[in-house]
Amino acid sequence: MTKSSTYLIKGASLLGEREADILIRDGLITEVGADVSSSEADIIDAKGLIALPGLVDLHTHLREPGLEDAETVETGSRAAALGGYTAVFAMANSNPVADTAGVVEQVYELGRKSGWTEVQPIGAVTTGLAGERLSEIGAMAESRAKVRVFSDDGMCVWDPALMRRALEYVKTFNGVVAQHAQEPRLTEGAQMNEGKVSAELGLAGWPAVAEESIIARDVLLAEHVGSRLHICHLSTKGSVEIVRWAKERGIDVTAEATPHHLLLTDELVRTYDPVYKVNPPLRTEEDVMALRQAIADGIIDIIGTDHAPHPTESKDCEWACAANGMTGLEQALSIVQKTLVDTGLISWADVARIMSTKPAEIGLATGQGRPLETGEPANLVLVDPAATRTIDPQAQATKGKNNPYRGLEVPGAVVATFYGGHPVVKDGKLTTPVVHAGN
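Residues numbered from 1 in each chain as written. Predicted model: local features only at pLDDT ≥ 70, side-chain atom pairs only at ≥ 80, totals over all residues. Heavy atoms only, no water.

**Details of the overall build of the chain**
Then, in step 1: When its secondary structure is counted, the chain shows 11 helices and 19 strands.
Then, in step 2: What you see for the chain is a C-alpha radius of gyration of 21 Å, in line with the 22 Å of a compact globule of 439 residues.
Then, in step 3: Overall size of the chain, expressed as C-alpha extent along the three principal axes, is 65 × 45 × 45 Å.
Then, in step 4: In the chain, buried positions account for 60% of the 439 residues.
Then, in step 5: A separation of at least 24 residues holds for 73% of the contacts in the chain among residues at least 6 apart in sequence. (Helix = DSSP H or I, 4+ residues; strand = E, 2+ residues; numbered from the N terminus. Rg over C-alpha atoms; globule rule 2.2 N^0.38 Å. Buried < 20%, exposed > 50% of the residue type's maximum accessible area, 1.4 Å probe, protein only. Contact = heavy atoms within 4.5 Å.)

**Quick notes on the packing of aromatic side chains**
Aromatic ring pairs are reported here in terms of the distance separating the ring centres and the angle at which the planes meet.
Then, in step 1: Counted according to the given criterion, the structure contains two aromatic pairs.
Then, in step 2: Between the aromatic rings of Tyr7 and Phe418, the centroid separation amounts to 5.5 Å while the plane-to-plane angle is 75°, which identifies the pairing as edge-to-face. With Tyr7 in strand β1 (residues 7-14) and Phe418 in strand β17 (residues 409-419), this residue pair connects regions lying 411 residues apart in the sequence. A single burial state applies to Tyr7 and to Phe418, both of which are buried. (Phe/Tyr/Trp six-rings, centres within 6.5 Å; stacked < 30°, edge-to-face > 60°.)

**Brief notes about the pairing of strand β14 (residues 253-257)**
Then, in step 1: Among the five residues that make up β14, five are buried, leaving the element largely enclosed by the rest of the structure.
Then, in step 2: Residues Val253, Ala255 and Ala257 line one face of β14 and the alternating positions Thr254 and Glu256 line the opposite face, and both faces are buried.
Then, in step 3: In this structure, strand β13 (residues 228-231) lies alongside β14, joined through three bridges in parallel fashion. Of the residues in β14, the one forming a bridge with Leu229 is Val253.
Then, in step 4: As defined by bridge partners, β14 adjoins strand β15 (residues 302-303) across two bridges and the pair is classed as parallel. The residue of β15 that forms the bridge with Ala257 is Ile303.
Then, in step 5: Note that the unit made of β14, helix α8 (residues 285-297) and β15 has a crossover that is right-handed. (Pairing = 2+ DSSP bridges. Right-handed = clockwise from strand over helix to strand, strands pointing away.)

**Some points on the pairing of strand β3 (residues 28-33)**
Then, in step 1: Relative to β3, strand β2 (residues 18-25) runs antiparallel, the two being bridged by five bridges. Counterpart to Ile24 in the pairing with β3 is Ile29.
Then, in step 2: Here β2 folds back onto β3, and the loop between the two strands holds two residues, one of which, Asp26, carries a positive phi near 50°.

**A few points about the packing of helix α1 (residues 73-82) against helix α2 (residues 101-114)**
Then, in step 1: Contact geometry for α1 and α2: axes closest at 9 Å, N-to-C directions at 55°. If you check the angle between α1 and α2, you find them oblique. The handedness of the crossing between α1 and α2 is right-handed. Contacts from Val73, Glu74 and Ser77 in α1 reach Leu110, Gly111 and Ser114 in α2.
Then, in step 2: Class assignment for the residues of the contact of α1 with α2 results in two nonpolar, three polar and one charged. (Axes fitted to C-alpha atoms, helices over the stretch in contact; angles between N-to-C directions. Parallel < 35°, antiparallel > 145°, perpendicular 65-115°, else oblique. Left-handed = near helix turned anticlockwise from the far one by under 90°. Nonpolar A, V, L, I, M, F, W, Y, C, P; charged D, E, K, R; others polar.)

**Looking at the nonpolar core**
Then, in step 1: Core analysis: the largest hydrophobic core is formed by 74 residues, its most contacted members being Leu234, Val351 and Met355.
Then, in step 2: Per-element accounting of this core gives the leading share, six residues, to helix α6 (residues 208-225).
Then, in step 3: What Val351 contacts, discounting residues up to four positions off in sequence, is Leu52, Leu333, Val336, Val341, Ile346 and Ser356.
Then, in step 4: Among the nonpolar cores identified, the runner-up in size contains 18 residues, and Leu14, Ala20, Ile29 and Ile44 belong to it. (Core = buried A, V, L, I, M, F, W, Y, C linked by side-chain atoms within 4.5 Å.)

**Thoughts on the pattern of salt bridges**
Opposite charge on two side chains permits pairing when their charged atoms draw close.
Then, in step 1: Under the criterion given, the structure shown has 21 salt bridges.
Then, in step 2: Of the charged contacts in the structure, one is a salt bridge between Glu168 and Arg164, with a shortest N-O distance of 3.0 Å. Here Glu168 and its partner Arg164 are both found in helix α4 (residues 160-171), four residues apart, which amounts to about one turn of the helix.
Then, in step 3: On the accessibility criterion, Glu168 (34% relative accessible area) is partly exposed.
Then, in step 4: Using a relative accessible area of 36% as the deciding quantity, one classes Arg164 as partly exposed.
Then, in step 5: As a salt-bridge pair, Asp350 and Arg353 come within 3.3 Å of each other at their nearest N and O atoms. Highlighted residues: Asp350 and Arg353, both in helix α11 (residues 348-363), separated by three residues, approximately one helical turn.
Then, in step 6: Under the relative-accessibility criterion, Asp350 is labelled partly exposed at 22%.
Then, in step 7: Of the residues examined, Arg353 reaches a relative accessible area of 31% and is grouped as partly exposed.
Then, in step 8: A network of salt bridges, in which partner residues are shared, links Glu105, Glu109 and Arg144. (Salt bridge = Lys/Arg side-chain N within 4 Å of Asp/Glu carboxyl O.)

**Observations regarding the sheet that holds strand β6 (residues 55-60)**
Then, in step 1: Read from one edge of the open sheet, three strands run β6-β7-β8, paired in parallel fashion. Single-partner strands in this sheet number two, and they are β6 and β8 (118-121). Taking the axes of each pair of neighbouring strands and ignoring which way they run, one obtains an average angle of 20° across the sheet.
Then, in step 2: As paired elements, β6 and strand β7 (residues 85-90) share four bridges and run parallel to each other. Among the inter-strand pairings, Asp57 is bridged to a residue of β7, identified as Val88.
Then, in step 3: With respect to the sheet, α11 is in contact with β6 and β7, its orientation differing from that of β6 by roughly 55°.

**Here we look at the packing of α6 against helix α7 (residues 237-249)**
Then, in step 1: Between α6 and α7, the shortest axis-to-axis distance is 9 Å and the interhelical angle comes to 10°. Comparing their axes, α7 and α6 come out roughly parallel. Counting all contacts with α6, which are made through Glu211, Glu212, Ile215, Ala216, Val219, Leu220 and Glu223, the residues of α7 involved are Gly238, Ser239, Ile242, Val243, Trp245, Ala246 and Arg249.
Then, in step 2: Split by residue class, the contact of α6 with α7 holds eight nonpolar, two polar and four charged.

**Focus on α11**
Then, in step 1: Here α11 contains 16 residues, and its C-alpha end-to-end distance of 22 Å stays within 8% of the 22 Å for a straight helix at 1.5 Å per residue.
Then, in step 2: Every buried residue of α11 is listed here: Trp348, Val351, Ala352, Ile354, Met355, Ser356, Lys358, Pro359, Ala360, Ile362 and Gly363.
Then, in step 3: Its side-chain oxygen placed 3.3 Å from the backbone nitrogen of Ala349, Ser347 serves as the N-cap of α11.
Then, in step 4: The positive-phi residue at the C-terminal boundary of α11 is Leu364, with phi of around 55°. (Expected span 1.5 Å × (residues − 1). Polar contact = N/O pair within 3.5 Å; in protein donor to acceptor, adjacent residues only side chain to side chain.)

The structure is reproduced here in structure tokens:
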């Protein structure tokens, strides 16, 4: 990484708790305290702004290689930076699938070349996401990308013997399997959450038990093997209780919830607007409230965006034909503020934990999610909690315009994102990317 300039952030509220100045030089935080001065620094007035460690998303779909009409590493990285993220983990369901060392290294290098945020590839658990045999897990782990998170997200590793072998394999290098919990036989032809609304609309339902049964099976497998398990986009009240039980039992399991599952419910499907079609589906108000409380209680560990951009034609069609997925990188922090901070459930320090520190820990992202202290890498975000904005999908950096928050007024705005000590976002706008050595 090239040497950065010197920046002095004046009067920021660290984690919303205490006001301090932050001096950044050559990619590191070199001083934190009151009345910090520097004759060479570019001064940034952060009065009224909250400073957080740069956000880390353990669940992003960047689509490249092969699906560049939906997203690219470049466009997705720009969206991530604008959302306050300094690291994203790119899911494996590209084309070709990221199931070999060659593909994950390609994604890794595209991220370095882009320079807006750190891009860490996630490797597929099974070849081609087909659920039939393990992928080149060892080769991906030993590649330049040093993959430590493996997932067939979009598909469930439904075979228990295969899931066991995957957990055993990743244990050898402290990796983690991130499971998309969906029993396929219980969700054949499913269009939305199974419940009152699906019955009234006559749409095939996706029952909660299809998620919960896989989570129950997999936490027991993880306990048996002694390996790490991560649950992607947990969405039901019952799933919360299973994870709670597993944690009380001492099983090494972590779980994530998405912003859209913290705000939106299956009542929106009554509009038949495909922007609300997602997997797992939008659930009930009871589920939404259970997820919010589970985050406050520490049962759900992190927020993962499940940012899933699609080309217009994949969403501008009949509900039954529409692709699953929503964008969300650029609004995730605002939705978390709206649903969890402004409701009094969690503090800004908790936001740092669930959106930065813990996801970095799960993904073994060295240099990310670090405290805002002297000697630490200068990956951080400045947020204006008093700002309000109305979501316009057409103004997003992501290619995907399938945004479920369109027209919604949300609180908070990212003012600046520092990646490697360089402000890739300043005054809410993209500046210039970081140049890595060898680019």
